[in-house]
Amino acid sequence: MDHQSIYQLFQEIATVNGSKLAFQYKKEGHWFDLTWSEARETVTRVAKALIALDVAKGDRVCILSGTRLEWSLADLGIVSCGGVTVGIYHSLLPSDCAYIINHCDAEVIFVEDAAQLAKVEEVRADLSNLRQVVIFDGDTDTAAGVLSWDDFQDKGAGISDEQAAARGEEVGLDDLASLVYTSGTTGVPKGAMITNGNLLFTSQSVIDSVYLMPHFKTLMFLPLAHVF
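These numbers were taken from a predicted model, which means no experiment stands behind them.

**A look at the pattern of salt bridges**
Here's step 1: Under the criterion given, the structure shown has eight salt bridges.
Here's step 2: Taking the shortest distance from any N to any O, the salt bridge between Asp 154 and Arg 45 comes out at 2.7 Å. Of this pair, Asp 154 sits in helix 6 (residues 149-154) while Arg 45 sits in helix 2 (residues 36-52), placing them 109 residues apart in sequence.
Here's step 3: Exposure remark for Asp 154: the relative accessible area of 44% places this residue in the partly exposed category.
Here's step 4: Across the salt bridge formed by Arg 124 and Glu 121, the nearest N and O atoms sit 3.5 Å from each other.
Here's step 5: Assessed through its relative accessible area of 19%, Arg 124 is described here as buried.
Here's step 6: Ionic contacts of the salt-bridge type, sharing partners, join the residues Arg 68, Glu 70, Glu 112 and Asp 137 into one network.

**Observations regarding the state of the cysteines**
Two cysteines form a disulfide when their sulfur atoms are joined by a covalent bond.
Here's step 1: For the coordinates displayed, the defined rule picks out zero disulfides.
Here's step 2: Free cysteine Cys 62: the closest other cysteine sulfur is in Cys 104, separated by 3.8 Å.
Here's step 3: Distance from the sulfur of Cys 81, which forms no disulfide, to the nearest cysteine sulfur (Cys 62) is 14 Å.

**A word on the packing of helix 2 against helix 7 (residues 161-169)**
Here's step 1: For the pair helix 2 and helix 7, the least separation of the axes is 10 Å and the interaxial angle reads 85°. Of the possible angle classes, the one that applies to helix 2 and helix 7 is roughly perpendicular. Contact with helix 2, carried on its side by Thr 44, Lys 48 and Ile 51, involves Asp 161, Ala 164 and Arg 167 of helix 7 and no other residues of that element.
Here's step 2: Split into classes, the residues belonging to the contact of helix 2 with helix 7 amount to two nonpolar, one polar and three charged.

**Some thoughts on the sheet that holds strand 8 (residues 176-181)**
Here's step 1: Pairing is mixed in the open sheet, where seven strands are placed in the order 7-6-5-3-4-8-9. The open sheet has two free edges, formed respectively by strand 7 (146-148) and strand 9 (191-195), since each of these has just one partner strand. Pairs of neighbouring strands in the sheet enclose a mean axial angle of 25°, with direction left out of account.
Here's step 2: Where strand 5 (residues 108-111) lies against strand 6 (residues 132-135), four bridges are found, and the strand directions are parallel. When the bridges of strand 6 are listed, Phe 110 appears paired with Val 134.

**Brief notes about the packing of helix 2 against helix 3 (residues 69-80)**
Here's step 1: For the pair helix 2 and helix 3, the least separation of the axes is 8 Å and the interaxial angle reads 55°. With respect to helix 3, the element helix 2 is oriented oblique. Taken as a pair, helix 2 and helix 3 cross one another with a handedness that is right-handed. Contacts between helix 2 and helix 3 involve Ala 39, Thr 42, Val 43, Val 46, Ala 47 and Leu 50 from the former and Leu 73, Ala 74, Leu 76, Gly 77, Ile 78 and Ser 80 from the latter.
Here's step 2: Looking at the contact of helix 2 with helix 3 residue by residue, the classes come out as nine nonpolar, three polar and no charged.

**Topic: a nonpolar patch on the surface**
Here's step 1: Nonpolar side chains collect at one region of the surface, where Val 206, Ile 207, Val 210, Tyr 211, Leu 212, Met 213 and Phe 216 lie side by side and expose about 680 Å² of accessible area between them.
Here's step 2: The residue Ile 207 is located in helix 8 (residues 196-209) in this model.
Here's step 3: Given the relative accessible area of 52%, Ile 207 is considered exposed.

**Describing the side chain of Glu 112**
Here's step 1: In this structure, Glu 112 sits in the loop between strand 5 and helix 5 (114-122).
Here's step 2: For Glu 112, a relative accessible area of 16% puts it in the buried group.
Here's step 3: A polar side-chain atom of Glu 112 sits 2.9 Å from the main-chain amide nitrogen of Gly 66.
Here's step 4: Leaving out residues up to four positions away in the same chain, Glu 112 has contacts with Leu 64, Ser 65, Gly 66, Arg 68, Ile 135, Phe 136 and Asp 137.

**Some thoughts on helix 8**
Here's step 1: For helix 8, which comprises 14 residues, the first-to-last C-alpha distance of 20 Å matches the rise-based estimate of 20 Å (1.5 Å per residue) to within 8%.
Here's step 2: Among all positions of helix 8, only Asn 196, Gly 197 and Leu 200 are buried. Seen end-on, helix 8 carries its buried residues on one side only, within an arc spanning 95°.
Here's step 3: Elements that come into contact with the buried residues of helix 8 comprise helix 1 (6-17), strand 8 and strand 9.
Here's step 4: Where helix 8 starts, the residue carrying a side-chain oxygen 3.3 Å from the main-chain nitrogen of Gly 197 turns out to be Thr 195.

The rules we used
Residues numbered from 1 in each chain as written. Predicted model: local features only at pLDDT ≥ 70, side-chain atom pairs only at ≥ 80, totals over all residues. Heavy atoms only, no water. Salt bridge = Lys/Arg side-chain N within 4 Å of Asp/Glu carboxyl O. Helix = DSSP H or I, 4+ residues; strand = E, 2+ residues; numbered from the N terminus. Buried < 20%, exposed > 50% of the residue type's maximum accessible area, 1.4 Å probe, protein only. Disulfide = S-S within 2.5 Å. Axes fitted to C-alpha atoms, helices over the stretch in contact; angles between N-to-C directions. Parallel < 35°, antiparallel > 145°, perpendicular 65-115°, else oblique. Contact = heavy atoms within 4.5 Å. Nonpolar A, V, L, I, M, F, W, Y, C, P; charged D, E, K, R; others polar. Pairing = 2+ DSSP bridges. Left-handed = near helix turned anticlockwise from the far one by under 90°. Patch = residues over 30% accessible without salt bridge, like charges linked within 9 Å, V, L, I, M, F, W, Y side chains within 5 Å. Areas by Shrake-Rupley, 256 points an atom, 1.4 Å probe, with all protein chains shown as cover. Polar contact = N/O pair within 3.5 Å; in protein donor to acceptor, adjacent residues only side chain to side chain. Expected span 1.5 Å × (residues − 1). Arc of directions from axis to C-beta.

Printed below as a string of structure tokens:
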């Protein structure tokens, strides 16, 4: 395996493909494009902001949101600073969200909008370790410990590119990239430990097994909180 982490793979892809299309997303009825260079810029800002918020290597960061561009960019930012992404199904009840947030000891969570924020606020008193909420669609509320997506990214302004890159290069094959909490099993959800090596092997296996061409586009509709 040529790469030691998702961070390294992402950096190479973004470098090689720079101005090429990475993502297309729909907003207010219109489609918008994002290049690999633009995606890397946002991912780097996310990683820097998390470092500024004292997210250390191995720390868990939750994402409570439906499938959308920011989910992927936040995910890549988390693993790029050595963090561990913990996706939470956007359809879960507040009590179920609280269980996962507490079980994985998350101190930071990304939420999609006011509806998902309300779930967190409903159980906030039970989330003793949670100290920061970032909302994709919403405004900053400092008193409530909530940062907007843009204001959150600004938090990393004092972190240099060299600092961010050094954190990314610390990550290895055996380091956790994600905890995927099972659904449909008996009892409480179980957190399946997925390493960088697991994901890199799977990615290479897909390339070796599936007919893929550079001009193909992938439509994302499954919940990203799933192992997919």
